[in-house]
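Structural features, examined
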Amino acid sequence: MWFNYEAKEATQFYTSIFPDSKVTNITTLRNTPSGDCDVVSFNISGYSFMAINGGPNFQFNPSISFFVNFDPSIDKNARENLDQLWEKLSQDGTPLMPLQEYPFSKRYGWIQDKYGLTWQLILTNPEGKKRPFIIPSMMYVQEVCGKAEAASDFYLSVFNDSQRGEIARYPASMEPDKEGTLMFTDFMIENQWFAAMDSAGPHAFNFNEAISLLVRCENQEEIDYYWEKLSSDPKAEQCGWLKDKYGVSWQIWPEVMGEMMADGTNEQMERLTKAFLQMKKFDIEKLKEAHQGK
């Protein structure tokens, strides 16, 4: 999550309103193009997130949102807990779809919180297939509208431990959405569930770097593989970041990087930061050498 300067404040807010949540690490990177930059790692209900103070370069929008599933078969107070979370996210926020009953759910609402992140709170059908509490959701609009199925097929082909879940298509007479495009699908890659949908409405946004998907790699071979498979825009390659052919941003991130950032001295962090700022795709050996002062 790319913030201007509110990364610490926002993560404190999210970890205070979601159950079983906490900040796990805060690292300050010195002398980046955005100045001193806080990187905050945190968990929300068992799911890992990272926030960064990167300056006013990118702004959140609804192209990537987060489903929050309240399942009455798991939580007897699901509806009440949904309403309580909605109230907290609504503080200085903006409803995109009001909290009410819809054909697909007895209780659903789409909210943009005070930091610009958007959340879809839904009371799930207890007789339906079980899904995680939080699921990132990608909405394909403008020039990539109609490509949600192709994009999700592509991700399923790139990652291991992958499978398609539910799929629902737009019927006829739902213009401007084209018949057969995806009203909704969910899919699992590397044991993490995602959702995707097409929307042909007049949206004034598209995917950007404000929210990126982080791929944790154990070795250089994995970094090389995902970089080759996913990157489609050389201009977007910087500091481990890339954009795929649908405009979604990814970070191809070596696991050892997090370890070095968590345990590094000021001098080690300065060398590490200087090294990775010069990289597009991360080179693990060069990062280790910079950290060790070689």
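These numbers were taken from a predicted model, which means no experiment stands behind them.

With that settled, consider helix α7 (residues 284-292). Those residues of α7 lying buried are Ile284, Leu287, Ala290 and His291. End-on, the buried residues of α7 take up no more than an arc of 125 degrees, which puts them together on one face. Considering only its buried residues, α7 is in contact with α4 (220-230), β15 (249-254), α5 (255-263) and α6 (266-277). The distance from a side-chain oxygen at the start of α7 to the backbone nitrogen of Glu285 is 3.1 Å, and the residue carrying that oxygen is Asp283.

Applying the stated criterion across every chain yields a total of 30 aromatic pairs. Measuring from ring centre to ring centre gives 5.2 Å for Phe18 and Trp119, while their planes differ by 40 degrees; the resulting arrangement is tilted. One end of the pair, Phe18, is in the loop between α1 (7-17) and β2 (22-32); the other, Trp119, is in strand β8 (residues 118-123), and 101 residues separate them in sequence. Overall, Phe18 belongs to the buried group, its relative accessible area being 3%.

Glancing now at α1. The α-helix advances 3.6 residues per turn, and as a result positions three or four apart in sequence lie on the same side. Among the residues making up α1, those that are buried are Ala7, Ala10, Thr11, Phe13, Tyr14, Thr15 and Ile17. Contacts from the buried residues of α1 go to β1 (2-3), β2, β3 (35-44), β4 (47-53), α2 (78-89) and β8.

Thresholds applied
Residues numbered from 1 in each chain as written. Predicted model: local features only at pLDDT ≥ 70, side-chain atom pairs only at ≥ 80, totals over all residues. Heavy atoms only, no water. Buried < 20%, exposed > 50% of the residue type's maximum accessible area, 1.4 Å probe, protein only. Helix = DSSP H or I, 4+ residues; strand = E, 2+ residues; numbered from the N terminus. Arc of directions from axis to C-beta. Contact = heavy atoms within 4.5 Å. Polar contact = N/O pair within 3.5 Å; in protein donor to acceptor, adjacent residues only side chain to side chain. Phe/Tyr/Trp six-rings, centres within 6.5 Å; stacked < 30°, edge-to-face > 60°.

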